[in-house]
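Coordinate analysis (summary)
These are the residues of each chain, in order.
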Amino acid sequence: GQQALKELRFGLNIDSGDLKTKMKQATSFLEKGHRIKIFMQLKGADYHRNQSQALVRLAEIAELIGDAGTQDAKPVITGHVVSTYIIPKPTGSSNSSSSSGGGKKQKLAVKEKLDQASLVGACTPEEVANQGDKVRAMKEALSRDPQAHSKSELEHEIERLKALKDRLEKAAGSAPSST
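Residues numbered from 1 in each chain as written. Predicted model: local features only at pLDDT ≥ 70, side-chain atom pairs only at ≥ 80, totals over all residues. Heavy atoms only, no water.

What to know about the overall build of the protein chain
- If you tally the helices and strands in the protein chain, you get six helices and five strands.
- The helix and strand sequence of the protein chain, counted from the amino end, reads β-α-β-α-α-β-β-β-α-α-α.
- In the protein chain, buried positions account for 32% of the 179 residues.
- Considering only intrachain contacts with a sequence separation of at least 6, the fraction spanning at least 24 residues in the protein chain is 64%. (Helix = DSSP H or I, 4+ residues; strand = E, 2+ residues; numbered from the N terminus. Buried < 20%, exposed > 50% of the residue type's maximum accessible area, 1.4 Å probe, protein only. Contact = heavy atoms within 4.5 Å.)

Set out below in structure tokens:
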């Protein structure tokens, strides 16, 4: 049970499907006893325009995760990054009479919040196309400047593209294409 710090990056305009996925990740990290840093990277003009929006958004996200963990500090702005930390709720909390019952209730509450977060179940071909463009753009940027993105950022976006494609295929009810 090594306690690690896990980082979750959120976009300012994250769509509900992605939010749902990140919330699941966050909850599972917290349940395993890891601390989480949630952050948003503000770029260019976004930086000045959206600082307050990012702070509000992070607070909302921290609220959503709130059932599984506690916000350790108010969101802070350092450079172009707005971040906050969430620590796991102590497991021996006095308010849960029986640990198993408490855990179930907690999972349900989180699940309800996730359902609220994701008003759209299936994704659209546009979403897949947009994500594909994003991955291509990142790869192009990397070919020009190896420092443009971290490897994990690119991998994350590729994972997201795969997940979106899977969701689209499931939604279409089609057999996965062999391409």
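Back to the write-up after that little detour.
What to know about the pattern of salt bridges
- Applying the stated criterion across every chain yields a total of eight salt bridges.
- Note that Asp18 and Arg160 form a salt bridge whose closest N and O atoms lie 2.7 Å from each other. Remark: Arg160 occurs in helix 6 (residues 151-172) and Asp18 occurs in helix 1 (residues 16-31); sequence separation between them is 142 residues.
- Look at Asp18 and you get buried, because its relative accessible area is 7%.
- Across the pair Arg160 and Glu157 runs a salt bridge whose closest N-O atoms are separated by 3.5 Å. (Salt bridge = Lys/Arg side-chain N within 4 Å of Asp/Glu carboxyl O.)

Re helix 1
- The end-to-end C-alpha separation of helix 1 is 22 Å, in line with the 22 Å expected for 16 residues at 1.5 Å each.
- For helix 1, the N-terminal capping position is held by Asp15, with its side-chain oxygen 2.9 Å away from the main-chain nitrogen of Gly17.
- Where helix 1 ends, the next residue or the one after it, Gly33, has phi of about 90°, a positive value. (Expected span 1.5 Å × (residues − 1). Polar contact = N/O pair within 3.5 Å; in protein donor to acceptor, adjacent residues only side chain to side chain.)

Some thoughts on the environment of Lys37
- Assignment of secondary structure puts Lys37 in strand 2 (residues 35-41).
- On the basis of relative accessibility, which here comes to 16%, the residue Lys37 falls in the buried class.
- Between the C-alpha atoms of Lys37 and Ala26, which are 11 residues apart in sequence, the distance is 9.5 Å.
- Those residues within four positions of Lys37 in sequence are excluded, and the remaining contacts are Leu5, Lys6, Glu7, Leu8, Ser83, Thr84 and Tyr85.

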